[in-house]
Amino acid sequence: MGVIHVIDRDGERHTLEALEGWRVMEIIRDWNLPLSGACGGACECGTCHVFVSEPWLDKLHPATEEEEGRLDMLPLTRKNSRLACQILYEPELDGLEVTLAPVSG
Ligand code: FES
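Nothing here was measured: the structure is a model prediction, and the numbers come from that model.

Each value, and the rule that gives it
Residues numbered from 1 in each chain as written. Predicted model: local features only at pLDDT ≥ 70, side-chain atom pairs only at ≥ 80, totals over all residues. Heavy atoms only, no water. Buried < 20%, exposed > 50% of the residue type's maximum accessible area, 1.4 Å probe, protein only. Helix = DSSP H or I, 4+ residues; strand = E, 2+ residues; numbered from the N terminus. Pairing = 2+ DSSP bridges. Axes fitted to C-alpha atoms, helices over the stretch in contact; angles between N-to-C directions. Contact = heavy atoms within 4.5 Å. Polar contact = N/O pair within 3.5 Å; in protein donor to acceptor, adjacent residues only side chain to side chain. Arc of directions from axis to C-beta. 1 Å grid on protein atoms, 1.4 Å probe; cavity = no way out; pocket = protein on both sides within 12 Å on 5 of 7 lines; lining within 4 Å. Points joined across faces, edges and corners; volume = space filled by probe spheres on them. Nonpolar A, V, L, I, M, F, W, Y, C, P; charged D, E, K, R; others polar.

Asker: Summarise the pairing of strand β3 (residues 49-52); cite the residues concerned and give the values.
Answerer: Residues His49 and Phe51 line one face of β3 and the alternating positions Val50 and Val52 line the opposite face, and both faces are buried. Here three bridges tie β3 to strand β5 (residues 96-100), and the two strands are oriented antiparallel to one another. Counterpart to Val52 in the pairing with β5 is Val98.

Asker: How would you summarise the sheet that holds β5 if you had to cite specific residues and measurements?
Answerer: Spatially, β2-β1-β5-β3-β4 is the arrangement adopted by the five strands of the open sheet, whose pairing is mixed. Strand pairing shows two members of the sheet lacking a second neighbour, β2 (13-18) and β4 (81-83), which therefore form its edges. Going across the sheet, the axis of each strand differs from the next one's by a mean of 40°, ignoring polarity. Contacts from helix α2 (residues 65-72) reach β3 and β4, with the element oriented near 115° to β4.

Asker: Tell me about the side chain of Ser81, residues and numbers included.
Answerer: With respect to the helices, strands and loops of the structure, Ser81 is situated in strand β4. Given the relative accessible area of 7%, Ser81 is considered buried. Within the local environment of Ser81, its side chain forms a polar contact with the side chain of His49, the two groups lying 2.8 Å apart. Of note is the side chain of Ser81, whose polar atom sits 2.8 Å from the backbone nitrogen of Arg78. Here Ser81 is in contact with His49, Val50, Phe51 and Leu71, once residues within four sequence places are set aside.

Asker: Tell me what's going on with α2, and back it up with residues and numbers.
Answerer: The set of residues buried in α2 consists of Glu67, Arg70 and Leu71. Looking down the long axis of α2, one finds its buried residues gathered within 100° of arc, a one-sided arrangement. In α2, the exposed positions that point more than 90 degrees away from the buried face belong to Glu65, Glu66 and Asp72. Each element contacted by the buried residues of α2 is listed here: β3 and β4.

Asker: Give me the layout of surface pockets: which residues, what numbers.
Answerer: Here the second largest pocket is characterised by a volume of approximately 170 Å³. Taken together, the elements giving at least two residues each to the lining of the second largest pocket come down to α2 and β4. If one sorts the elements of the lining of the second largest pocket by residue count, α2 sits on top with three residues. The residue makeup of the lining of the second largest pocket, split by class, is five nonpolar, three polar and five charged.

In short, geometric facts, not functional conclusions.
Structure representation (structure tokens):
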């Protein structure tokens, strides 16, 4: 087991235990942080939008076309935007840091 760090929309940093094979979206939601993951990880809602801290960007699998397409539809994206449902936690990601993107609309 490892941990991920999540900075919420108030700027507070949370350290969450993370299980291998879980989606980062599920981990964040399971710890009751405000991330809805409305589509359950089907890449359809964009409510799991996070900003990945710079040092971790290259350690993640690149976004699929499907993820890129969904991100293109979201406001307020940055070059470090990812969908947390598309990031599977694995031991190599121990210490991963993400920031919850602002809720739009
Ligand atoms: S949970 Fe819907 S796109 Fe990630």
